[in-house]
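Listed below, chain by chain, are the residues.
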Amino acid sequence: MKLIENWFSERYSDNLQLSFRVKDQLLSVKTDFQRIDIFDTYDFGKLLTIDGTVQMAENDEYIYHEMITMVPYYMAEKVPESALVIGGGDGGAALRLLELGLKRIVNVEIDNHVVELSKRFFPEVSKSFSNSKVELIIGDGIKYVSETKEKFDMIIIDSTDPVGPAEGLFSPAFYKNASRALNKGGVLVTQSGSPFYQPFALKKAKKGMESAFSGFKTYVAFIPTYPSGFWSFTMNPTGSRKLDTVKTGKYFNKEILEGSFKLPTFVNDILRS
Ligand code: SAM
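Here we summarise the structure given alongside this text. Owing to the predicted nature of the structure, the values given are computational and were not obtained by experimental measurement.

Conventions adopted
Residues numbered from 1 in each chain as written. Predicted model: local features only at pLDDT ≥ 70, side-chain atom pairs only at ≥ 80, totals over all residues. Heavy atoms only, no water. Buried < 20%, exposed > 50% of the residue type's maximum accessible area, 1.4 Å probe, protein only. Helix = DSSP H or I, 4+ residues; strand = E, 2+ residues; numbered from the N terminus. Arc of directions from axis to C-beta. Contact = heavy atoms within 4.5 Å. Near = heavy atom within 4 Å. Polar contact = N/O pair within 3.5 Å; in protein donor to acceptor, adjacent residues only side chain to side chain. Nonpolar A, V, L, I, M, F, W, Y, C, P; charged D, E, K, R; others polar. Pairing = 2+ DSSP bridges. Right-handed = clockwise from strand over helix to strand, strands pointing away. Core = buried A, V, L, I, M, F, W, Y, C linked by side-chain atoms within 4.5 Å. Domains from an automatic or database assignment. Axes fitted to C-alpha atoms, helices over the stretch in contact; angles between N-to-C directions.

1. A word on helix H9 (residues 265-272)
Every buried residue of H9 is listed here: Val267, Ile270 and Leu271. With its buried residues spanning 95 degrees around the axis, H9 presents them on a single face. Residues of H9 that are exposed and angled more than 90 degrees away from the buried face: Thr265 and Arg272. On the buried face of H9, the contacting elements are helix H7 (199-212), strand E11 (217-222) and strand E12 (230-235).

As structure tokens, this is what we get:
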């Protein structure tokens, strides 16, 4: 008997898509903010998608989460103790920050469903939310940074792409407010999309960063489940601190800390345009 094959595809353009063969679709829900689907895939384990775009896959989430936390952690001018995560409803960024030894993490996620579903389907990643050092706030990160009086050593924008509820997270007004919530010598970092398929996201992040700081720094990583497999992150320029040792992750290491800032010419061209 021939079995039926099921596939989830994320469309990158009218002419290209990445397809995951799935064992099962575990859930599909439409929330006030977005559509969330969870699949059990053959090659990448469980997969979380929002509005048809991959957010997190069990088998490569470590790359994104290490890169959005470990690089900025070591780029801060002094050892960071506190962090604000905006988005990040899967708990992965908070988890890596706890592993780095941070003492206080405020995580502001707009959609409670992302948190609840991550607790149910990705308990190993979302367990960070049950740690007493992590304060989870369900709310809009844009509003949060415009109102908070607290200051942080790290601010991590672990958001969806710049459409829908995350659009304002790429605006100059947001970066201005966020920079006010940053301690001196601290790091503000955002995921800035696929340079190949989403150069507009990278440009927006760069512009926003430049409007609030004296410049920007972009670094890149290989992430197989994200569009083109090549991803960017953009942060404010910082001074440096003396690093005796650097933790090695499954992706991140000492060489990556330096090497990820070396950009291909086409990425430099986007950043210059
Ligand atoms: N790793 C992911 C990626 O780059 O594809 C991002 C993962 S995380 C699940 C993104 C989260 O940002 C989503 O759960 C979404 O609900 C949240 N988000 C979007 N806009 C937001 C906002 N304005 N405030 C707080 N959270 C927001």
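Once you've had a look at it, read on.
2. Concerning the site of the ligand
Close to the ligand lie 24 residues, the nearest being Gln34, Glu109, Asp140, Gly141 and Tyr226. Contacts to the ligand include glutamate 109, whose side-chain N or O atom sits 2.5 Å from an oxygen atom. A distance of 3.2 Å is found between a nitrogen atom of the ligand and a backbone nitrogen or oxygen belonging to isoleucine 110. Here the residues of the shell around the ligand are counted per class, giving ten nonpolar, nine polar and five charged.

3. Quick word on the pairing of strand E7 (residues 104-109)
The buried fraction of E7 is high, at five of six residues. The pairing of strand E6 (residues 82-87) with E7 spans five bridges and is classified as parallel. Counted as the bridge partner of valine 85 is asparagine 107 from E7. Between the parallel elements E6 and E7, the chain passes through helix H2 (residues 92-99) in a crossover that is right-handed. Sheet topology note: the E7/strand E8 (residues 134-138) ladder contains five bridges and is parallel.

4. Quick look at the nonpolar core
Among the nonpolar cores identified, the biggest contains 46 residues, and Met67, Leu97 and Phe233 are the most heavily contacted of them. Among the elements that line this core, the one with the most residues is helix H1 (residues 61-75), at ten residues. A domain-level breakdown of this core finds at least three residues from each of domain 1 (12-57) and domain 2 (61-272). Among all residues touching phenylalanine 233, those that are not within four sequence positions of it are Tyr64, Met67, Ile68, Val189, Thr190, Gln191, Ser192, Lys217, Thr218, Tyr219, Ala221 and Ile223. One finds Leu169, Tyr175, Ala178 and Met209 within the second-largest nonpolar core, a separate group that totals 21 residues.

5. Here we look at the side chain of serine 128
Considering the arrangement of structural elements, one finds serine 128 in the loop between helix H4 (123-126) and E8. Dropping the residues within four chain positions of it, serine 128 is found in contact with Gly91, Ala94, Leu95, Leu98 and Val134.

6. Overview of the sheet that holds strand E1 (residues 6-13)
Taken in spatial order, the five strands line up as E1-E2-E3-E4-E5 in an open sheet, and their pairing is antiparallel. Each edge of the sheet is formed by a strand with only one pairing partner; in this case those strands are E1 and strand E5 (53-57). Averaged over all adjacent pairs, the angle separating strand axes in this sheet is 45 degrees, with direction ignored. Of the pairings in the sheet, the one linking strand E3 (residues 35-41) to strand E4 (residues 46-50) comprises five bridges and is antiparallel in character.

7. Thoughts on unusual backbone geometry
Phi at aspartate 51 takes a positive value of approximately 50 degrees, unusual for a residue other than glycine. Here aspartate 51 lies in the loop between E4 and E5. Even without a glycine there, the phi angle at serine 228 is positive, about 70 degrees. Secondary-structure assignment places serine 228 in the loop between E11 and E12.

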